[in-house]
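Observations on chain architecture
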Protein chains: 2
Amino acid sequence: MSNPDAATPRERYRAQVREEIKKHAWEQIAAAGASALSLNAIAKQIGMSGPALYRYFASRDELITELIRDAYRSLADAFRARAAAGADLAALAHTLREWALADPQRYFLLYGTPVPGYQAPEDTTRIASQIMAVLLDACAAGPLPDTPPSPIQAHLDDHRAWADQHPAPPSALHRALLFWTRLHGALSLELAGHFTGMGFDPARLYAAETESLTGR
Amino acid sequence: MSNPDAATPRERYRAQVREEIKKHAWEQIAAAGASALSLNAIAKQIGMSGPALYRYFASRDELITELIRDAYRSLADAFRARAAAGADLAALAHTLREWALADPQRYFLLYGTPVPGYQAPEDTTRIASQIMAVLLDACAAGPLPDTPPSPIQAHLDDHRAWADQHPAPPSALHRALLFWTRLHGALSLELAGHFTGMGFDPARLYAAETESLTGR
DNA sequence: AGCAGTTGGTTAGAAGGTATCACGAAGGCG
DNA sequence: CGCCTTCGTGATACCTTCTAACCAACTGCT
């Protein structure tokens, strides 16, 4: 089931319309953010009347959830592709920034302000852990710095459930987490425009933080 | 003008109602985020009918802008109070986390997903630069590490307009920026719930990042 | 081939949101 | 005391999401 092209014409048409809906949804999100996404406006752009969209997505939330899923998949694919090409941590950091700059609102859809009630479906967290696996591979592969065993690394070694059985040493666990938090910190502030008017080049700050992870 | 209590009874009443509106607005934001803020619901809670609120705030956006202003002021006050008590960088880091955990949605109102069209009013950026000034003071006061002069520090030294005439050495500029981006990275991911279910303690990660700034 | 059932589309309408307008009531001030 | 500003109201226009009822068209089975 849900076979891409060998399905019935009906299912193919259905998938096609769903894709067109999502295409216009992404355009709206890129233009005005996810909170401004309007099913009515999408319907008008496609050329059908409002309620017709509910044949394809049960609700506005379900559409957004599907977009989140696609965004996670897109980022995971970008990471996997670069990792398969033998990329190191610095290359992954560059990949992350390129992916985020290509569509800032898509980045914020994953890592921006959460809606208090919203609970992410199980499969998105699964894709997120795939991204983490690629990251852990890269962290474990690179030359591990001979840092003294810090308390945080011991703590992470004690609570490595999130690493999903990955056999990375404690310092690699720590590095993967720092990759995430440090790059997200510099990147999200840049994308949110908090650096505009400050004069310096955000790319250089990002590069410096990347170097702080790869150990120069 | 806008004298707090010595004004006319009319102005006092007006200020009182505005405060009550903002109080309920904060409750709504803490409960469901800023995007779910409803002027109608606030009016109902206060006991007056919808359009009456427009006597106090010209629009929903103006109310939110006022809340952003208050949030910036609150954070700046917390920073200044701790700095006046002789706090170092680590204490400021702790202050930031406490302030954020007290009301995560308030933190996201300042540093969360931006609305593409929205332009922050001039005075909020001024308050933000006051926060940066306190941060630069603390960075310049602490013992500066004898790190080799890195390219990023030279770049920041060349573009120090954002430091607003502050006579901090390049390494302090760099440290202030890292304070911002690294702590925001760890904090925002924690507040957004991206660490839930991962097992480790976000406070320890935050503490470790704080140590990375203070140089242990 | 023809009939039945699923599916996709429509319009109408409920419920709730922002925001404007016109009007009446209440307060402050000369 | 009377005027005038201000406050709150209901009515209204125009959005939004989403449900219900209805109709057309396509699919598949006999």
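Keep in mind that this is a model prediction, so the values were computed, not measured.

1. Details of the protein's contact with DNA strand C
- Taken together, 20 residues sit near DNA strand C, with Arg55 and Tyr56 of chain A together with Leu39, Asn40 and Arg60 of chain B positioned nearest.
- Atoms of DNA strand C within 4 Å of the protein: sugar and phosphate make up 68%, bases the balance.
- A distance of 3.0 Å is found between a phosphate oxygen of DNA strand C and a backbone nitrogen or oxygen belonging to Ser49 of chain A.
- Residue Asn40 of chain B places a main-chain N or O atom 3.0 Å away from a phosphate oxygen belonging to DNA strand C.
- Contributions of two or more residues to the surface near DNA strand C are made by helix H1 (9-32) of chain A together with helix H1 (9-32) and helix H2 (39-46) of chain B.
- Top contributing element to the surface near DNA strand C by residue count: H1 of chain A, with three residues.
- When its residues are assigned to classes, the surface near DNA strand C shows 10 nonpolar, four polar and six charged.

2. As for the relation of the copies chain B and chain A
- For the pair chain B and chain A, the superposition axis carries a translation of 0.0 Å, the fit reaches an RMSD of 0.0 Å, and the rotation angle comes to 180 degrees. Between the two chains, the operation in question is that of a two-fold axis. Residue Gly185 of chain B, judged by its C-alpha, is the member of chain B lying nearest the rotation axis, at 1.8 Å.
- A high fraction, 100%, of the interface residues of chain B reappear at the interface in chain A, so the copies pair face to face through one surface.

3. Some points on the interface of chain B and chain A
- Contact with chain B, which involves 41 residues of that partner, is made by 42 residues of chain A.
- Carbon and sulfur atoms supply 69% of the area that chain B and chain A bury against each other, a total of about 3,600 Å² over both sides.
- Contact with chain A buries surface across chain B, with Thr113, His155 and Met198 of chain B losing the most and accounting together for 14% of the total.
- Among the salt bridges present, the one from Glu209 of chain A reaches Arg182 of chain B, with a minimum N-O distance of 2.8 Å.
- Mapped onto the side of chain B that touches chain A, the elements with two or more residues apiece are H1, helix H5 (104-111), helix H7 (151-158), helix H8 (170-191) and helix H9 (202-214) of chain B.
- Here the side of chain B that touches chain A gets 11 residues from one element, more than from any other, and that element is H8 of chain B.
- Taken together, the residues of the side of chain B that touches chain A sort by class into 24 nonpolar, 13 polar and four charged.

Calculation criteria
Residues numbered from 1 in each chain as written. Chains lettered and ligands numbered in written order. Predicted model: local features only at pLDDT ≥ 70, side-chain atom pairs only at ≥ 80, totals over all residues. Heavy atoms only, no water. Near = heavy atom within 4 Å. Polar contact = N/O pair within 3.5 Å; in protein donor to acceptor, adjacent residues only side chain to side chain. Helix = DSSP H or I, 4+ residues; strand = E, 2+ residues; numbered from the N terminus. Nonpolar A, V, L, I, M, F, W, Y, C, P; charged D, E, K, R; others polar. Least-squares fit on C-alpha atoms with pLDDT ≥ 70 in both. Contact = heavy atoms within 4.5 Å. Buried area = accessible area lost by both parts, 1.4 Å probe. Salt bridge = Lys/Arg side-chain N within 4 Å of Asp/Glu carboxyl O.

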